[in-house]
Amino acid sequence: MSAPSTPSHPAGKASTHQLEQAAASDASITAIHQTLLREKPEPTEGFSPIPIFLLFVFSALIFVGGVYIAHYAGDFEPMAFDPSRGKQVASAEPAKPVDPMVLGGRLFNQNCAACHQVTGQGVPGSFPPLAGSEWVMGSEERLVRILLHGLSGPIEVEGKTYNGAMPAFGPKSGYRFNEQKIAAVLTYVRNSWGNTAPAVTPEKVKEIMAAVGDRPGPWTAAELDPFK
Amino acid sequence: MSSAPSLAAAIDPRTKMPQERAELHQIDESTRVLALIFLGTSAVWLLVGTIFALIASWKLHNPEFLSTQEWLTFGRVRTAHLNTVIYGWATNAGIGVSFWLMARLSRTLLRHAGILYVSGAAWNLAVIVGTFGILRGDGQPVEWLEFPRYVTPLLFVSYALIGVWGIITFRFRRGEHTYVSQWYLLAALFWFPWLYSIAQIMLVFAPTVGVIQALTNWWFAHNVLGLWFTPIGIAASYYFIPKVLGKPIHSYHLSVVGFWALAFFYNWAGVHHLIGGPIPVWVQSAGIVASLMMVIPVIVTAINHHLTVIGSFQQVWNSPTLRFIVFGAMNYTLASLLGSAMALRSVNSVTHFTHFTVGHAHHGMYSFFTMVMFGSIYYMLPRLLRKEWPSAFLINVHFWGTAAGITLYVVALSIGGWIQGMQMNDVKNYPDFLQIMVATKPWLFARTIAGLMIAVGHIAFVVSFVWILIKKRTVEETSPTLFNTPPTLSLKTS
Amino acid sequence: MNNGPLLFLGIFFTIAFSWSGIVLTNLVQQTEAGATQPLFDKDTEKVVPAPMTGDAKQGQQVYAELGCVYCHSQQVRNSLSRDGGTSVDVERNYGRRPNVARDYIQDGRIFLGTMRTGPDLRNVGQRLPSVDWHMQHLYNPQITSKDSIMPPFPFLFEEREIVGEPSPKALRLTGDWAPPPGYEVVPTARAEALVAYLLSLRTDYDLPEAPKSVE
């Protein structure tokens, strides 16, 4: 590059593309002064060596990564979706008897509370209350039937009429509740929010299941009258 | 310019390298209009994105707020926020900074910048139309690719021009040595159009089957962060930290390891968004290992940045550029290490699907990338405009608003998200989902407070930005606007 | 690292490697293993997973337009443990078994999602089969789920004067939610399609590659 020795070369002409000459422009040097001259030089790199211990740490990391892949890759099979490759674990301990109130509470919160609410109060006009309901506290014959096959059409609860569709929860339904689950959830609703009614036993549920047999659709309230 | 220092003073051998400065000046001049277009529009998008963010955040604890208008429903406002800040603010700012850096480091003028004005205008037009499209409901339901299909070709073409121009600028570089920032910029400019075009084809124009969509989606979305924004952020930190301090970067060797480790491992990390999902377990594990291996480039970059800074903390505190950039670099280290931890199956089983992830995304995108962009802009504008920043007070408000705001944001969502994850995994004690959802409300409210603090910072920034654009150039200004002016830094050129 | 072309080749190789590893390999592997094709279940004489119905397809479009995916995932998570066992999502009743790749091949656009601001919806049709419930919940989630942070979608419904007989589809709203006397709130076609889509979300079949459904 030539030394910047020719002053007052007009900036802004075609020659400005040549950096050598640009440096010579008086006007541009003025500009350089104001903002650029206080700048430090363009950055450079030092050449400190990489600390040895870092190399060890990185090698260890890569080793761990390799071992992890070997153990968690499901043999690189396209149909392996979890690291155990679908292994089902049989519980080592013998199944403990479950408290129906605990199991029932969990099932209720997961499956029923969206409509009947956690408080058992239902939603006015749409979903009947369970708290204080004569249907809940009454005969278990009706309740078990409703749970097994569902209920549709108008129903009167605590003096108000509701018109909805309660889905079936029985073993053949989408929920696939067995007799133990049905008994537990009914025991829970019969003994919560101030309700007090005798527990429902799995044996009783089984008995009703056998009595009803297969049934294509949900019950109507009228059909259940005989089981009051 | 009457009282300008004489030519003799400028070429005085005691003044450092006037030749190099004359070159830099020419190069800055060649990028000026382009950089101002991209940085100016990015500042506008930052404000727009902030407004969408505040509306969305408020809705999460007051769901009735603005709920009667379909185009302002949460799912759309949130999406408009994401796309305006990613493609409006961050990409525009990133392009502005990249071009300026690339031209300076390659010691070459930006040639035929005219065509880039067109592509800049086209890009911004596409973002405007795309944002309206999202609010109307025309958006593509693919995370990070929501712009409606009628604007994506425009986005692609305008971006492709930008990428090619960056690479051409690199091609015409002068000088023997390519500096570390150049590697990152070159890689970013090349990676982004590939990611974008493949994702567009495989997800929008000819959607692939089933879960392969999800794999493509997260390969793309995580790589936009890892292979586009992160390299630009790192390139800017690698430039400005040694530049402002006047020290060399700690180690070239570490730079090399850091670059290739990032290029190799970050590429694979995106799958960690699908851990436990319906995709083959081997690819999940590959993503987990790649995320874990990200520790290597992160540690290496951290050593390089932080060992360069060490001992010069007073300068970091005084310089707006460095204060923002060092805050960003520190958060890059922190966010990346947390990100590696979040990919581990044991941690992921808690944090996945929770607000923890949202906090983490903002930690990376804001505490790191956005803060580095702010710092870069504080350095660039005085050089591009040959004016100094009008008010140190506004810069102070900007820094404290955003730094404190984003810290509160990340902390609140991390704690809230962790609690949420623990409760979701504890079916026995928290069988009812509603109960878990209600428990997140205070944390979501804290997020809105954090958002308001950030918004105050952004307003201060935009006021500064407009002020420096419109204020008159005066010759008296010879010293930079710093937070405190120590005696050693009050440079006069005379 | 001053060699431009070499630098460029490295940059190209890294992205090509990840794309072919994550996307291409899986596409080829899944296709060759037959996981992109439905199966014929001999017991029930049905194709699983079943193709989507027209209503559900339209509803899926509404689901996309409203951005439901940003708060609701659609995946019952697999167990993360090497020792097997039940996934916590199955325990939470998000589904009777974890989802696998084949479950999504009939979906067209898929909505795996990454957020659970609200609950997972992959089996919402099984968990909440009541049309009434969904209509009220969409009209305003506070009716059925007090203190929920889900936004209401009043624009999917129409409040109109009752002309002649009240519509059988009208929402049964009481108290503060009830429309003025002589008016009724009826779902639009979009609301009906959306609910049809939600009710269609159910993984109620077994696949050889998936863990057995729990009872």
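None of the values given here were measured: they were computed from a predicted structure. (Residues numbered from 1 in each chain as written. Chains lettered and ligands numbered in written order. Predicted model: local features only at pLDDT ≥ 70, side-chain atom pairs only at ≥ 80, totals over all residues.)

Draft legend 1. Representation of the overall build of chain C. The helix and strand inventory of chain C stands at seven helices and four strands. Secondary structure elements of chain C, listed N to C terminal, follow the sequence α-β-β-α-α-α-α-α-β-β-α. Scaling as 2.2 N^0.38, a compact globule of 215 residues should have a C-alpha radius of gyration of about 17 Å, whereas chain C reaches 22 Å, well beyond that. Based on the C-alpha atoms only, the size of chain C along its principal axes is roughly 80 × 55 × 30 Å. (Helix = DSSP H or I, 4+ residues; strand = E, 2+ residues; numbered from the N terminus. Rg over C-alpha atoms; globule rule 2.2 N^0.38 Å.)

Draft legend 2. A look at the overall build of chain A. Along its length, chain A carries ten helices and two strands. What you see in chain A, going N to C, is helices and strands ordered as α-α-α-α-α-α-α-β-β-α-α-α. Classification of the 228 residues of chain A by burial places 39% in the buried group. Contacts spanning at least 24 positions in sequence make up 54% of the contacts within chain A whose residues lie at least 6 apart. (Buried ≥ 20, exposed ≤ 12 C-beta atoms within 10 Å, placed from the backbone. Contact = placed C-beta atoms within 7 Å.)

Draft legend 3. Examining the environment of B:I406 more closely. Residues and elements named next belong to chain B. One can find I406 in helix 15 (residues 392–425). The exposure class assigned to I406 is buried, which follows from the 26 C-beta atoms found within 10 Å. Distance from I406 to M453, taken between C-alpha atoms, is 8.3 Å for residues 47 residues apart in sequence. Each residue touching I406, except ones within four places of it in the same chain, is listed here: H362, Y366, S367 and I454.

Draft legend 4. Structural context of the interface of chain A and chain C. Listed by partner, the interface residues are 26 residues for chain A and 34 residues for chain C. Elements that contribute at least two residues to the side of chain A that touches chain C include exactly helix 3 (52–72), helix 4 (100–111), helix 5 (113–116) and strand 2 (160–166) of chain A. In terms of residue class, the side of chain A that touches chain C is made up of twelve nonpolar, eleven polar and three charged. (Nonpolar A, V, L, I, M, F, W, Y, C, P; charged D, E, K, R; others polar.)

Draft legend 5. Focus on the confidence of the model for chain A. Looking at chain A, the pLDDT average stands at 78 and 79% of residues meet or exceed 70. Between residues 1–31 of chain A, whose pLDDT stays under 50, and residues either more than four places distant or in other chains, the model counts 43 contacts. (pLDDT = per-residue confidence, 0-100.)

Draft legend 6. Region of interest: the environment of C:S200. Residues and elements named next belong to chain C. For S200, the position within the fold is in helix 7 (residues 189–200). Overall, S200 belongs to the partly exposed group, with 17 C-beta atoms counted inside 10 Å. Taking the C-alpha atoms as reference points, S200 and P129, separated by 71 residues in sequence, lie 9.3 Å from one another. Contact partners of S200, with chain neighbours within four places excluded, come to M52, T53, A56 and G125.

Draft legend 7. Spotlight on the packing of helix 3 (residues 74–106) of chain B against helix 6 (residues 180–205) of chain B. Residues and elements named next belong to chain B. At a closest axis distance of 10 Å, the pairing of helix 3 and helix 6 adopts a crossing angle of 135 degrees. One way to sum up the angle between helix 3 and helix 6 is to call them oblique. Seen along the crossing, helix 3 lies across helix 6 with a hand that is left-handed. Counting all contacts with helix 3, which are made through S98, L101, M102, L105 and S106, the residues of helix 6 involved are S181, Q182, L185 and L189. When its residues are assigned to classes, the contact of helix 3 with helix 6 shows five nonpolar, four polar and no charged. (Axes fitted to C-alpha atoms, helices over the stretch in contact; angles between N-to-C directions. Parallel < 35°, antiparallel > 145°, perpendicular 65-115°, else oblique. Left-handed = near helix turned anticlockwise from the far one by under 90°.)

Draft legend 8. Summary view of the interface of chain B and chain C. Between chain B and chain C, the residue contacts involve 64 residues of the former and 57 residues of the latter. Elements represented by at least two residues in the side of chain B that touches chain C include exactly helix 3, helix 6, helix 7 (212–245), helix 8 (252–269), helix 13 (345–351), helix 15 and helix 16 (433–439) of chain B.

Draft legend 9. Summary view of the domain arrangement of chain C. According to the domain assignment, chain C contains domain 1 (1–33) and domain 2 (39–200). Of note, the centres of domain 1 of chain C and domain 2 of chain C, computed from C-alpha atoms alone, are 39 Å apart. (Domains from an automatic or database assignment.)

Draft legend 10. Focus on the confidence of the model for chain C. Mean pLDDT over chain C stands at 92; residues scoring 70 or higher make up 99%. Across the whole predicted complex the pTM is 0.88, and at the interface the ipTM reaches 0.95.

Draft legend 11. Structural view of the nonpolar core. Of all hydrophobic cores here, the largest spans 249 residues; its most connected members are B:A188, B:L215 and C:L194. Per-element tally for this core: the top contributor is helix 7 of chain B, with 22 residues. Here this core gathers at least three residues from each of two domains, domain 1 (1–33) and domain 2 (39–200) of chain C. (Core = buried A, V, L, I, M, F, W, Y, C linked by C-beta atoms within 7 Å.)

Draft legend 12. Structural context of the pairing of strand 1 (residues 151–157) of chain A. Residues and elements named next belong to chain A. With seven bridges connecting them, strand 1 and strand 2 associate as antiparallel partners. Along strand 2, the bridge assignment pairs P154 with N163. The antiparallel pairing of strand 1 with strand 2 creates a hairpin that spans two residues between the two strands, and E158 there sits at a positive phi of about 50 degrees. (Pairing = 2+ DSSP bridges.)

Draft legend 13. View of the environment of B:T169. Note on placement: B:T169 falls in helix 5 (residues 152–171). Not counting the four nearest positions on each side in its chain, B:T169 is found in contact with B:M102, B:A103, B:S106, B:T108 and B:L110.

Draft legend 14. Local environment of helix 12 (residues 320–343) of chain B. Helix length check: helix 12 of chain B (24 residues) gives 34 Å between terminal C-alpha atoms against 34 Å at 1.5 Å per residue, within 8%. Counting buried positions over the 24 residues of helix 12 of chain B gives 17, a clear majority of the element. (Expected span 1.5 Å × (residues − 1).)

Draft legend 15. Fine view of unusual backbone geometry. The step from C:V48 to C:P49 runs through a cis peptide bond, and the omega angle for that step is -15 degrees. With a phi close to 50 degrees, A:W193 is a non-glycine residue in the positive phi region. For A:W193, the location among the structural elements is in the loop between helix 8 (179–190) and helix 9 (202–212). Despite not being glycine, B:R107 shows a phi value in the positive range, around 50 degrees.

Draft legend 16. Expanded view of the packing of helix 3 of chain B against helix 4 (residues 114–136) of chain B. Residue and element names in this part refer to chain B. At a minimum axis distance of 9 Å, the contact between helix 3 and helix 4 shows a crossing angle of 165 degrees. Classified by the angle their axes make, helix 3 and helix 4 are roughly antiparallel. Helix 3 and helix 4 meet at a crossing whose hand is right-handed. Between helix 3 and helix 4, the contacting residues are R76, T79, A80, N83, T84, Y87 and G88 on the first element and V127, G130, T131, I134 and L135 on the second. For the contact of helix 3 with helix 4, the residue count by class is five nonpolar, six polar and one charged.

Draft legend 17. Helix 4 of chain B, seen in detail. Residues and elements named next belong to chain B. With 23 residues, helix 4 extends 33 Å between its outermost C-alpha atoms, agreeing within 8% with the 33 Å of an ideal straight helix rising 1.5 Å per residue. Residues L116, S119, G120, W123, N124, A126, V127, G130, T131, G133 and I134 constitute the buried set of helix 4. G137 sits one or two residues past helix 4 and shows a positive phi near 100 degrees.

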